[in-house]
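# Close look at the chain arrangement
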Amino acid sequence: MRKIIFICCILLGLSVSAQGLYPDQNEKGKWGYIDDNSTVVIKHKYEYATDFVDGWAKVRKGDKWGYIDCNDKEIVKITYSEIRNWEGDYCRVATGGDVDDGILVEGGKWGYINRKGEVVLKCEYEEIGSFVDSIAYVKKGDKYELVFTKWKRFRCSNEYKN
């Protein structure tokens, strides 16, 4: 019985990996996705593309970022000047500003989206931190606040100024 289960697990694993998609850059410098047989599954139309994680891949079209699924459907619209990796169910995104070597510089505003691609915290913060124990900091103007994953904002007991 253990051998049968082991063989089934191996076959299931092969089946899952056979469905994988991998970023691929063509001779014109555009990115798309190929499968295990090097067949193009998603056309080469992106300026950059990352691996799929949990069924989503981060892509850049022009100078804007978003997330697509394995059917090339935009899950998170390609409208953000910067987009970070997922932190559980949430992802930091930015609008506006200039990006220099992958770093958002002056003028950009940060916010958070959820796994449905919905904005849960508007892009209106100059700084925004990663979640640690379901709490992140945000900075607007010269004031810092704490944000909890239930999306209730609480002002810090001490206001810090630069």
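Reading guide: rules and limits
Residue numbers here run from 1 along each chain, matching the order of that chain's written sequence. Where totals are concerned, whole chains, interfaces and linings use all residues; where local detail is concerned, this predicted model gives features only for residues with pLDDT of at least 70, and gives and counts side-chain atom pairs only at 80 or more. No hydrogens and no water enter the side-chain calculation; it runs on all heavy atoms of the structure. Ring pairs are drawn from Phe, Tyr and Trp, using the six-membered ring of Trp, whenever the two centres fall within 6.5 Å, and their geometry is named by plane angle: stacked under 30 degrees, edge-to-face over 60, tilted for the rest. A run of H or I in DSSP counts as a helix once it spans at least four residues, and a run of E counts as a strand once it spans at least two, with each numbered from the N terminus. Residue exposure (1.4 Å probe, protein chains only): buried if accessible area is under 20% of the type maximum, exposed if over 50%, otherwise partly exposed. A ring has a charge above it when a Lys NZ or an Arg CZ is no more than 6 Å from the ring centre and no more than 35 degrees off the ring normal. Strand pairing follows a simple DSSP-based rule, namely that at least 2 bridges must link the two strands. For this analysis, residues touch if any pair of their heavy atoms sits within 4.5 Å.

Attention now moves to the packing of aromatic side chains. Enumeration according to the criterion identifies nine aromatic pairs in this entry. With a centroid separation of 5.3 Å and an interplanar angle of 75°, the aromatic rings of Trp56 and Trp86 are classed as edge-to-face. You can see Trp56 sitting in strand β5 (residues 56–61) and its partner Trp86 sitting in strand β8 (residues 82–87), a full 30 residues away along the chain. The pair Trp56 / Trp86 is uniform in exposure class, with both members buried. Three or more aromatic residues joined by ring pairs form one cluster here, namely Trp31, Tyr48 and Trp65. Across from the ring centre of Trp65, 5.7 Å away, lies the NZ or CZ of Lys58, which sits over that ring.

Turning our eyes to something else, we now look at the pairing of strand β15 (residues 135–140). Looking along a regular strand, one sees the side chains alternate between the two faces of the sheet. Pairing analysis gives two bridges linking strand β14 (residues 127–128) to β15, with the strands arranged antiparallel. Bridge pairing links Glu127 to Lys139 in β15. Linking two consecutive strands that pair antiparallel, namely β14 and β15, is a turn of six residues; a positive phi of about 50° is found at Asp133 within it. Linking two consecutive strands that pair antiparallel, namely β15 and strand β16 (residues 143–148), is a turn of two residues; a positive phi of about 65° is found at Gly141 within it.

This part covers the environment of Ala136. One can find Ala136 in strand β15. Dropping the residues within four chain positions of it, Ala136 is found in contact with Tyr112, Gly129, Ser130, Phe131, Glu145, Leu146 and Val147.

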